[in-house]
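Chain and residue survey
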Amino acid sequence: MTIQDVAKAAGVSPMTVSHVINDHPHVKNETRERVLRAIAELDYRVNVAARNLRTGRTGTIGLAVAEVDRPYYGQLAAAIIAAAARHGLKVAIEQTGASREGELDALALSRNRLYDGLILSTVGLGPADTELLKVDYPVVILGERIFDGPVDHVAMPNVDGARAATAHLIERGCRRVALIDGGFQGDEVDVSSLRYTGYREALDAAGIAFDPGLVAPIDALTMEAGAAAARRLADSGADFDGAFCVTDTVAIGVLRGLADRGVAVPARVKVIGFDNIAEGAYTVPSLSTIDPDHTLMADTAVDLLAQRLTEKGKNKREAREFISRFSVVARESTG
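Thresholds, definitions, all that
Residues numbered from 1 in each chain as written. Predicted model: local features only at pLDDT ≥ 70, side-chain atom pairs only at ≥ 80, totals over all residues. Heavy atoms only, no water. Axes fitted to C-alpha atoms, helices over the stretch in contact; angles between N-to-C directions. Helix = DSSP H or I, 4+ residues; strand = E, 2+ residues; numbered from the N terminus. Parallel < 35°, antiparallel > 145°, perpendicular 65-115°, else oblique. Left-handed = near helix turned anticlockwise from the far one by under 90°. Contact = heavy atoms within 4.5 Å. Nonpolar A, V, L, I, M, F, W, Y, C, P; charged D, E, K, R; others polar. Buried < 20%, exposed > 50% of the residue type's maximum accessible area, 1.4 Å probe, protein only. Lys, Arg positive; Asp, Glu negative; His and termini not counted. Salt bridge = Lys/Arg side-chain N within 4 Å of Asp/Glu carboxyl O. Pairing = 2+ DSSP bridges. Phe/Tyr/Trp six-rings, centres within 6.5 Å; stacked < 30°, edge-to-face > 60°. Lys NZ or Arg CZ within 6 Å of the ring centre and 35° of its normal.

**Section: the packing of helix α5 (residues 71-85) against helix α11 (residues 294-311)**
For the pair α5 and α11, interaxial distance at closest approach is 8 Å and the crossing angle is 50°. Taken together, the axes of α5 and α11 are oblique relative to one another. Crossing of α5 against α11: the hand is right-handed. Taking contact as the criterion, the partners of Tyr72, Gln75, Ala79, Ile80, Ala83 and Ala84 in α5 are, on α11, His294, Ala298, Asp299, Ala301 and Val302. Its residues placed into classes, the contact of α5 with α11 shows 8 nonpolar, 2 polar and 1 charged.

**Focus on the side chain of Glu103**
Tracing the backbone shows Glu103 in helix α6 (residues 100-111). For the buried Glu103, no salt bridge is present, and the opposite-charge side chain at shortest range is Arg100, 7.6 Å distant. Residues within four places of Glu103 in sequence aside, it is in contact with Thr96, Leu120, Ser121, Thr122, Val123, Gly124 and Leu125.

**Examining the sheet that holds strand β11 (residues 321-323)**
Ordered in space as β2-β1-β3-β4-β5-β11, the 6 strands form an open sheet in which the pairing is parallel. Unpaired on one side and paired on the other, β2 (90-95) and β11 mark the two borders of the sheet. Within the sheet, the average angular offset between the axes of one strand and its neighbour, ignoring direction, is 15°. Strand direction decides the pairing type here: strand β3 (residues 118-121) and strand β4 (residues 139-143), joined by 4 bridges, are parallel. Paired with Leu118 across the bridge in β4 is Val139.

**Here we look at the environment of Gly198**
Its place among the elements puts Gly198 in helix α8 (residues 191-205). Each residue touching Gly198, except ones within four places of it in the same chain, is listed here: Val159, Ala162 and Arg163.

**Things to note about the packing of aromatic side chains**
With the rule as written, the count across this model stands at 3 aromatic pairs. Ring geometry for Tyr196 against Phe210: centres 6.2 Å apart, planes inclined by 85°, an arrangement best described as edge-to-face. In this pair, Tyr196 is assigned in helix α8 and Phe210 in the loop between α8 and β7 (215-218), connecting sequence segments 14 residues apart. Here Phe210 falls in the partly exposed class, since its relative accessible area comes to 26%. An aromatic cluster is present here, built from Tyr196, Tyr199 and Phe210 joined pairwise through their rings. Directly above the ring of Phe274 sits Arg195, whose terminal nitrogen or CZ lies 3.6 Å from the centroid. Cation over ring: Arg200 sits above Phe210, and NZ or CZ is 3.8 Å from the ring centre.

**Structural notes on the pattern of salt bridges**
This model, assessed by the stated rule, comprises 11 salt bridges. A salt bridge links Arg86 to Asp299; the shortest N-O distance between them is 2.5 Å. You can see Arg86 sitting in the loop between α5 and β2 and its partner Asp299 sitting in helix α11, a full 213 residues away along the chain. Taking relative accessible area as the criterion, Arg86 reaches 57% and is therefore assigned exposed. Each of Asp160, Arg163 and Glu201 takes part in one network of salt bridges that share partners.

If you want it as structure tokens, here you go:
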């Protein structure tokens, strides 16, 4: 069954059928309904593969994230899907496993033209991999501010947000603020090192001496790791009255670990996270956090990608970097 068969059955031109299939806004409702009835009666199917070959576009963008089972990435994916729909785009989600190899695989899928472009939330790739991003299709890096490379980048307000989170604890009376953070080494720039920088800056601004004994490194940004770190801190006898957690997922684990040791939050220790995942509003106590405005980040990433898709290789603008705004969301865990 062809588009010409549908046009004949509906009494319209093949171009009108094409406009209906592609949801063209300037088709009369009566005509649209007649065409849709003909499509249904004839059981017509659009030959997507042929259309993609003709247009050079699939209408699908890729979203590569570290782990699909984390609340943060689920919330991010939902925002990306909503933003893409406003551009008439579908989203295919890839899980990279928080590894460099997984992120390179996601780049390869776009290179093979399964997607029109890619939004890549990086964990494994670093500044040394900048050359790998010099590709002939649109890529937007999303998340950490680690690239000074050839592609558009929508970044988290990592340093500023972490500084504000720590300052919030200090404003609430904390003077011994623990940091529950991922392992960071040397000059490696990632979410952990950036938020560590913000933490240190807040302490310095308040005239509070840094105590390395209050830094609890974790090897995974999970609830389990957060709970274990909180229990270790409590068991060590460390004197701390606040805890800044590198993510909300970690912070939820910290709440559990402190409860396991009978440490009252916020009466004895105040806790704040980062990401403003939905679950944080329902913990007991509810979790204070940094909101990096996921909707704005998703809208900006998709807008940048959609703009690149229309450039068609001509007069391409320089790579752009956008750092999201943020706000402190004060809830019960900080008093």
